[in-house]
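Observations on chain architecture
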Amino acid sequence: MSTALTDLFLHPIVQAPMAGGASRPELAAAVSEAGGLGFLAAGYKTADGMYQEISRLRTLTARPFGVNLFMPQPGHADPAAVEVYRNQIAGESAFYETALGDPDSGRDDGYDAKLAVLLDEPVPVVSFTFGCPSAETLAALAAAGTRTLVTVTSVEEAQAARRAGADALCAQGVEAGGHQGTHRDDPENDGAGTGLLTLVSLIAEAVPLPIIAAGGLMRGGQIAAVLAAGAQAAQLGTAFLVCPESGANPLHKRAMTDPLFTRTELTRAFSGRPARGLVNRFMCEHGPYAPAAYPEVHHLTSTLRKAAAAAGDPQGMALWAGQGHRLARELPAAQLVDVLAGELREAAGTLAPQGAAS
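These figures come from a predicted structure and were not determined experimentally.

Topic: the sheet that holds strand β10 (residues 264–267)
- In spatial order, the strands read β7-β11-β10; together these 3 strands make up an open sheet with antiparallel pairing. This sheet does not close on itself; its edge strands, each paired only once, are β7 (178–179) and β10.
- In the sheet, β10 pairs with strand β11 (residues 275–278) via 4 bridges, with the strands oriented antiparallel. By the bridge assignment, E265 is partnered in β11 with G277.

A short note on the environment of E121
- In this fold, E121 is placed in the loop between α6 (111–120) and β4 (125–129).
- Sequence separation between E121 and G173 is 52 residues; the distance between their C-alpha atoms is 32 Å.
- Residue contacts for E121: discarding those within four places in its chain leaves Y51 and R58.

Let's talk about the packing of α6 against helix α7 (residues 135–143)
- One can describe the packing of α6 onto α7 by two numbers: an axis separation of 10 Å at closest approach and a directional angle of 25°. Judged by the inter-axis angle, α6 sits roughly parallel to α7. Here Y111, L115 and L119 of α6 come into contact with α7, specifically with T137, A140 and L141.
- Residues that form the contact of α6 with α7 fall into these classes: 5 nonpolar, 1 polar and no charged.

Points about unusual backbone geometry
- Going from Y294 to P295, the amide bond is cis rather than trans, its omega being 10°.
- Residue position: P295 is located in the loop between α13 (281–286) and α14 (296–310).
- One non-glycine residue, D109, lies in positive phi territory at about 55°.
- Relative to the elements of secondary structure, D109 occurs in the loop between α5 (90–96) and α6.
- A relative accessible area of 22% places D109 in the partly exposed class.

Observations regarding the side chain of S93
- Along the chain, S93 turns up in helix α5.
- Look at S93 and you get buried, because its relative accessible area is 16%.
- Beyond its immediate chain neighbours, meaning those up to four positions away, S93 contacts T98, A99, L100 and L304.

Let's talk about the packing of aromatic side chains
- Tallied over the entire structure, the rule returns 6 aromatic pairs.
- Their ring planes at 80° and their centres at 4.9 Å tell us that F95 and Y96 sit as a pair that is edge-to-face.
- Its relative accessible area of 56% is what places F95 among the exposed residues.
- Aromatic pair F130 and Y294: ring centres 5.3 Å apart, planes at 65°, arrangement edge-to-face. Here F130 is found in the loop between β4 and α7, whereas its partner Y294 is found in the loop between α13 and α14, with 164 residues between them in sequence.
- On the basis of relative accessibility, which here comes to 8%, the residue Y294 falls in the buried class.
- Ring pairing ties together the aromatic residues Y44, F70, F130 and Y294, which thus form one cluster.

Comments concerning the nonpolar core
- Residues V67, L69, F128, I203, L236 and F240 are the most contacted members of the largest nonpolar core, which totals 100 residues.
- Element by element, the count of residues in this core is highest for helix α15 (residues 333–351), at 7 residues.
- Setting aside chain neighbours within four positions, we find I203 in contact with V152, S154, V155, A158, L169, A171 and I211.
- Counting 11 residues, the second largest nonpolar core, distinct from the first, contains L8, L37, F39 and I212.

Quick word on the sheet that holds strand β3 (residues 65–70)
- The strand order across the open sheet built from 8 strands is β1-β9-β8-β6-β5-β4-β3-β2, with neighbouring strands paired in parallel fashion. If you trace the sheet from one side to the other, it starts and ends with β1 (13–15) and β2 (38–41), each paired once. The average angle at which neighbouring strand axes cross in this sheet is 25°, direction not considered.
- Contacts between helix α2 (residues 25–33) and the sheet are confined to β1, β2 and β3, with β2 contributing the most and set at about 160° to the helix.
- In the packing of helix α10 (residues 220–229) onto the sheet, contacts are made with β1, β8 (211–214) and β9 (233–236), and the angle to β9 comes to roughly 135°.

Concerning the pairing of β3
- With respect to burial, β3 is a largely interior element, 6 of its 6 residues being buried.
- Sheet analysis places β2 next to β3, joined by 4 bridges and oriented parallel. From the neighbouring strand, G38 faces β3, where its bridge partner is F65.
- Between the parallel elements β2 and β3, the chain passes through helix α3 (residues 47–60) in a crossover that is right-handed.
- Two strands pair when backbone bridges link them, and β3 and β4 are joined in this way by 5 bridges, in the parallel orientation. Its bridge partner being in β4, F70 is matched across the sheet by T129.

A short note on helix α8 (residues 155–164)
- Those residues of α8 lying buried are V155, E157, A158, A161 and A164.
- The elements touched by buried residues of α8 are α7, β5 (147–152), β6 (168–172) and α9 (196–206).
- Downstream of α8 by one or two residues, G165 has phi in the positive range, about 110°.

Overview of the pattern of salt bridges
- Applying the stated criterion across every chain, the model contains 14 salt bridges.
- Between R281 and E92 there is a salt bridge whose closest N-O contact spans 2.7 Å. With R281 in helix α13 and E92 in helix α5, the pair connects residues that are 189 residues apart, well separated along the chain.
- Given a relative accessible area of 23%, R281 falls into the partly exposed group.
- Given the relative accessible area of 5%, E92 is considered buried.
- Close ionic contact of R329 with E343 constitutes a salt bridge, the shortest N to O distance being 2.7 Å. Taken together, the positions of R329 in the loop between α14 and α15 and E343 in helix α15 put the pair 14 residues apart, joining distant regions of the chain.
- Overall, R329 belongs to the buried group, its relative accessible area being 19%.
- By relative accessible area, which is 21% here, E343 ends up partly exposed.
- One network of salt bridges, in which partners are shared, links R24, E26 and R56.

Thresholds applied
Throughout this description, residue numbers start from 1 for each chain and increase along the sequence as written. The model is predicted, so local features are restricted to residues of pLDDT at least 70 and side-chain atom pairs to those at 80 or more, both for listing and for counting; the totals for chains, interfaces and linings are taken over all residues. Side-chain metrics rest on all non-hydrogen atoms present in the structure, leaving aside hydrogens and water. Pairing between two strands requires that DSSP report at least two bridges joining them. Comment: elements are numbered from the N terminus, with helices defined as DSSP H or I runs of at least four residues and strands as E runs of at least two. Whether two residues are in contact is decided by their heavy atoms, any of which lying within 4.5 Å being enough. Angles shown run from 0 to 180 degrees and are taken between the N-to-C directions of axes, each axis being a line fitted to C-alpha atoms and, for helices, limited to the stretch in contact. Angles below 35 degrees are treated as roughly parallel, those above 145 as roughly antiparallel, those between 65 and 115 as roughly perpendicular, and all remaining angles as oblique. Classes in brief: Ala, Val, Leu, Ile, Met, Phe, Trp, Tyr, Cys and Pro nonpolar; Asp, Glu, Lys and Arg charged; the others, Gly included, polar. Think of it in three bands: with a 1.4 Å probe and only protein chains considered, a residue is buried below 20% of the maximum accessible area for its type, exposed above 50%, and partly exposed in between. Ring pairs shown here join Phe, Tyr and Trp side chains whose ring centres sit within 6.5 Å, with only the six-membered ring taken for Trp; geometry is labelled stacked below 30 degrees between planes, edge-to-face above 60, and tilted in between. Each nonpolar core is a collection of buried residues, namely Ala, Val, Leu, Ile, Met, Phe, Trp, Tyr and Cys, held together in the definition by side-chain atoms within 4.5 Å. Think of it like this: strands point away, you trace from the first strand over the helix to the second, and a clockwise trace means the crossover is right-handed. Think of a salt bridge as a Lys or Arg side-chain nitrogen and an Asp or Glu carboxyl oxygen that are within 4 Å of each other.

Put into structure tokens, the structure is as follows:
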């Protein structure tokens, strides 16, 4: 296995960076201390907010950890389509008694300022979502001693990341909760994502870079399966979302195993970009009409989502979840890493050829 990854963790278990508050320093520290690789999510935070979380995490662990950045988005959204959607969800504004957010609140998520902080105060790993950074950016991070990961959803994106100089890939299957990390948001490809095992196998044969597999993974046996398919580690988000160290809203945590929420779907309803979440009222009523307009729709609905959470109404929240959400276990993060590692060892033993040396 490539040393681009192996010296970062004892167990091939990565805690996914979940933007929106779930990936707190306490969660990342617990995972790293237990032998996995914890991650902070810089998405939707200011550069200073990201820096403060990194500083806090460093007081909690000396183990390696990662920070995830959102790539700036090209300005292709149709203002007329955003305005139509604003009118479509105007009733939600009245229902929750809050004004809609400003769709023009920014497209780059403070990328340059966050990158400057990470070059000034290097961290062990930086990953990127929604695109591939420039070769110059990846080279600058490498010179600072930082390993880099690029989230990919196809062989073509994986090849682009390799050409740019990424150290490793995060292969995200269509089963994953939250946003699909496609480099280009093409509405014609909605629902056409590739399953994780197939994606890992395709990338492993085409691109000679270490792979972290992400998408619906909740058990050690599933981790064994993606390792057998060619990955070097597995990234889990939904599995860690319900841990006590997670900063996810309690309503969100409870919804993972609430029998009221029976399935997940990909939707543009909350952000304007395909993201997998538990099917609720908001998704059903507005998903069919939501335009391809990220982050405009994200900004537009941000006040509604906050108001729904404050009102204790999960039917108006973005309940991001992977397809395996019903398998969530409310364990402390360190204990969950231990349980997953034990399940992985058991599954690996089952997969070993009969008569293989112990």
